[in-house]
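The residues making up each chain are set out below.
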Amino acid sequence: MTKPCPKAVRALGHYLHITPRFFNFPYVPTSTGNHVADYAFFHLQFMDMYPPKIKPSEATRNQNSPHAQFNLGQGLTKHTWHITKVDLIYWNEKVEATGSNRGMGLISLDPVDDIIYKGLCKLMTRKETIPPGKWEEEFGLGQVLSEMFHIISVNWNTFLDEAEQHLQHIQKSYSLALHQLSPLWSEVRRRIVSAKDTAKQMMSHPFFTAVGGAESISSYLKKIILTLNDYETRTHELDTNTNILINLIFNLATFNDTAAAIQESKAANYLAASIRRVAMLTFFYLPLQIAASIYGMNINEITGGDGDHHIWEYVILSLVLMGLTFLFWYAWKAVPMLFTLRLLSRRQSFPTGLSPV
């Protein structure tokens, strides 16, 4: 097991005659080799926590790589979850002295994954209470595989625990944060399913069945698969709860908008009632105002003075001013319409593609 820089890993791979594909996996949740008895390898993405300004190389390969920083009730955590990966390969190497095959293995981790590296070393060197089986005594590959999946399983469990606490904290008021979580759950579920599928493929891989290790591999990985099934269910529940909270917030917003519209409608009705009362007062006082205006005029028919105007002059002047007012209003409305109609008629009089100069 090694964790040097990528160039050193490639050099080691060249020395050990490992296929170059093992060091050039695309950015995918999982990828496995052909099911042959000579070798077995896989590439698997999962999420791990990193301190500020630290980012694994796998997360930088795709700008849409999922990441998350959760709020556990006391502000955002100091660590951020990013996508990282593990590449693991097993192969048989012939021992010239004995003529038998010797099982070999290589694990490639990101240079910043110190916690995973140290955890794997500790798990591999701890004192076992259960004696290893014959296949493990010869190769030790089953333990390496199971411990790696154990670390991945623990990482997903920690991630989901923080995600559930985060969802409980933000469900009260953070609508935007809820919308941002929806695609995250889909990406997480894809990678959990990928880990489960990879474990199933390793259980039935010809490399392990050829050396009699299928039973040992199955005993190690069955519990891991059950655990990953539980994580998949938890992720689905997180997605469902997120959508429920989004719908709840949307319904509350709709209710508030409806309540505001009702209040505006009530205010409009009150204003209309006030205007109606003013109109009724106007109809009541308008005849009185007209009568007072007439009796207040200095006309010959009322004052009897020879120098005052006659009432018929007032009537004629009022009709003329009223006519001028209506004429001005009509011109104000009709002239723009006439101009528009004239412009359209001029455009229609020219051939298609030409316009008047």
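Everything that follows concerns the structure shown earlier in this document.
Residues numbered from 1 in each chain as written. Predicted model: local features only at pLDDT ≥ 70, side-chain atom pairs only at ≥ 80, totals over all residues. Heavy atoms only, no water.

1. Brief notes about the nonpolar core
- Within the largest apolar cluster, 51 residues are counted, with the highest numbers of intra-cluster contacts made by Leu145, Trp156 and Phe159.
- Those elements that place two or more of their residues in this core are strand 2 (39-50), strand 4 (80-94), strand 5 (101-109), helix 3 (114-125), helix 5 (141-170), helix 6 (175-203) and helix 8 (214-295).
- Residue contributions to this core peak at 12 residues, all from helix 5.
- Those residues within four positions of tryptophan 156 in sequence are excluded, and the remaining contacts are Gln45, Phe46, Met47, Val188, Arg191, Ile192, Leu228 and Tyr231.
- Among the nonpolar cores identified, the runner-up in size contains 10 residues, and Phe22, Phe25, Ile89 and Leu106 belong to it. (Core = buried A, V, L, I, M, F, W, Y, C linked by side-chain atoms within 4.5 Å. Buried < 20%, exposed > 50% of the residue type's maximum accessible area, 1.4 Å probe, protein only. Helix = DSSP H or I, 4+ residues; strand = E, 2+ residues; numbered from the N terminus. Contact = heavy atoms within 4.5 Å.)

2. Observations regarding the layout of surface pockets
- Size it by volume and the second largest pocket reaches roughly 420 Å³.
- Lining the second largest pocket are 21 residues, and of these His67, Ala68, Gln69, Gln180 and Leu181 sit closest to its centre.
- Of all the elements in the fold, those that place two or more residues in the lining of the second largest pocket are strand 3 (67-68), helix 5 and helix 6.
- Counting residues per element, the lining of the second largest pocket draws most heavily on helix 6, at six residues.
- Counted by class, the lining of the second largest pocket contains 10 nonpolar, 10 polar and one charged residues. (1 Å grid on protein atoms, 1.4 Å probe; cavity = no way out; pocket = protein on both sides within 12 Å on 5 of 7 lines; lining within 4 Å. Points joined across faces, edges and corners; volume = space filled by probe spheres on them. Nonpolar A, V, L, I, M, F, W, Y, C, P; charged D, E, K, R; others polar.)

3. Topic: the environment of glutamate 237
- Following the sequence through the fold, glutamate 237 ends up in helix 8.
- The exposure class assigned to glutamate 237 is partly exposed, which follows from its relative accessible area of 43%.
- Along the sequence, glutamate 237 and glutamate 164 sit 73 residues apart, while their C-alpha atoms lie 9.6 Å from each other.

4. Quick word on a nonpolar patch on the surface
- Taken together, the side chains of Ile311, Trp312, Tyr314, Val315, Ile316, Leu317, Leu319, Val320, Leu321, Leu324 and Leu327 present a nonpolar region at the surface, about 1100 Å² in accessible area.
- With respect to the element layout, leucine 327 can be found in helix 10 (residues 311-348).
- Residue class for leucine 327 comes out exposed when judged on its relative accessible area of 54%. (Patch = residues over 30% accessible without salt bridge, like charges linked within 9 Å, V, L, I, M, F, W, Y side chains within 5 Å. Areas by Shrake-Rupley, 256 points an atom, 1.4 Å probe, with all protein chains shown as cover. Salt bridge = Lys/Arg side-chain N within 4 Å of Asp/Glu carboxyl O.)

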